[in-house]
Amino acid sequence: MKKLFAFVAVLFVITALGVTMFVHAGDLPVIPLTGSTVSEVSTDYEVPITVEQTTAPLLLSDKKLKMKYKSTDYLTAGAHVTWTSSDPDVVTVDEDGNLTAVGRGEATITATAWDGRTATCEVTVRYSFIQIIIIVFLFGWIWY
């Protein structure tokens, strides 16, 4: 009885969550076979493959921003997100991440991705020196 060695070229294409994996014969063990003809050799192999989904954190262009009253700025994220402001009386944000400082104070801008990931940016809005001088000159200390 002759011993045959099977060298089977196998190509698996697995597409799961955008991952494509190729397994070729070099990754499979050489199996000694005892059959006398090729037709007696089984070519069914069970290859365990584990695909782990890892989700990258949502990143914003800034974690903290200091803005002057009535100024504009913007935030960017690495994905399509929905933007919200914790205090629209201090800073507003549109669907593209453009910020407008509309009042003095602090607010948190939150970006939420479709899959639930979130990221935040702390925004502090203050008057500039010139704005303080104008407010004091025109309205007195009571308005500041």
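Everything below is about the structure printed above this text.
Our subject in this report is the structure included herewith.

Rules used throughout
Residues numbered from 1 in each chain as written. Predicted model: local features only at pLDDT ≥ 70, side-chain atom pairs only at ≥ 80, totals over all residues. Heavy atoms only, no water. Helix = DSSP H or I, 4+ residues; strand = E, 2+ residues; numbered from the N terminus. Phe/Tyr/Trp six-rings, centres within 6.5 Å; stacked < 30°, edge-to-face > 60°. Buried < 20%, exposed > 50% of the residue type's maximum accessible area, 1.4 Å probe, protein only. Salt bridge = Lys/Arg side-chain N within 4 Å of Asp/Glu carboxyl O. Contact = heavy atoms within 4.5 Å. Pairing = 2+ DSSP bridges. Axes fitted to C-alpha atoms, helices over the stretch in contact; angles between N-to-C directions.

**Description of unusual backbone geometry**
- Positive phi is not limited to glycine here, since Lys70 has a value of about 70°.
- Positionally, Lys70 belongs in the loop between strand 5 (64–68) and strand 6 (72–74).

**Some words on the packing of aromatic side chains**
- The full count for this structure, using the stated rule, is 1 aromatic pair.
- With a centroid separation of 5.2 Å and 80° between ring planes, the pair formed by Tyr69 and Tyr127 is classed as edge-to-face. A residue pair is termed long-range when its members are at least 10 positions apart, and Tyr69 in the loop between strand 5 and strand 6 and Tyr127 in the loop between strand 11 (118–126) and helix 1 (129–139) qualify at 58 residues.
- Look at Tyr127 and you get buried, because its relative accessible area is 19%.

**Side note on the pattern of salt bridges**
- What the rule picks out here adds up to 2 salt bridges.
- Where Glu106 meets Arg126, a salt bridge forms, and the shortest distance between an N and an O atom there is 3.8 Å. Highlighted residues: Glu106 in strand 10 (residues 105–113) and Arg126 in strand 11, separated in sequence by 20 residues.
- When its relative accessible area of 41% is taken as the criterion, Arg126 is described as partly exposed.

**Remarks on the environment of Ala101**
- Here Ala101 is to be found in strand 9 (residues 98–101).
- What makes Ala101 buried here is its relative accessible area of 2%.
- When the C-alpha atoms of Ala101 and Thr72 are compared, they prove to be 6.3 Å apart, with 29 residues separating the residues in sequence.
- Setting aside anything within four residues of it in sequence, one finds Ala101 in contact with Met67, Lys68, Tyr69, Lys70, Ser71, Val90, Val91 and Val125.

**Observations regarding the sheet that holds strand 9**
- Spatially, 3 strands are ordered 6-9-8 in an open sheet, and the strand pairing comes out antiparallel. The sheet is open, and its two borders are formed by strand 6 and strand 8 (91–93), each paired with just one other strand. Neighbouring strand axes in the sheet, compared pairwise and without regard to direction, differ in orientation by 25° on average.
- Pairing of strand 6 with strand 9, which is carried by 3 bridges, proceeds in the antiparallel orientation. When the bridges of strand 9 are listed, Thr72 appears paired with Thr100.

**Some points on the environment of Glu95**
- Tracing the backbone shows Glu95 in the loop between strand 8 and strand 9.
- Under the relative-accessibility criterion, Glu95 is labelled exposed at 61%.
- Setting aside chain neighbours within four positions, we find Glu95 in contact with Val81 and Trp83.

**Things to note about the pairing of strand 9**
- Here strand 9 shows a clear split, with Leu99 and Ala101 buried on one side and none of Asn98 and Thr100 buried on the other.
- Two elements, strand 8 and strand 9, share 3 bridges in a ladder whose sense is antiparallel. Directly across from Val91, in strand 9, lies its bridge partner Ala101.
- Between strand 8 and strand 9, which pair antiparallel in sequence order, lie 4 residues; one of them, Gly97, sits at a positive phi of approximately 90°.

**What about the environment of Thr110?**
- By secondary structure assignment, the location of Thr110 is in strand 10.
- In this structure, the C-alpha to C-alpha distance between Thr110 and Cys121, residues 11 residues apart in sequence, is 6.6 Å.
- Setting aside anything within four residues of it in sequence, one finds Thr110 in contact with Thr82, Trp83, Thr84, Thr118, Ala119 and Thr120.

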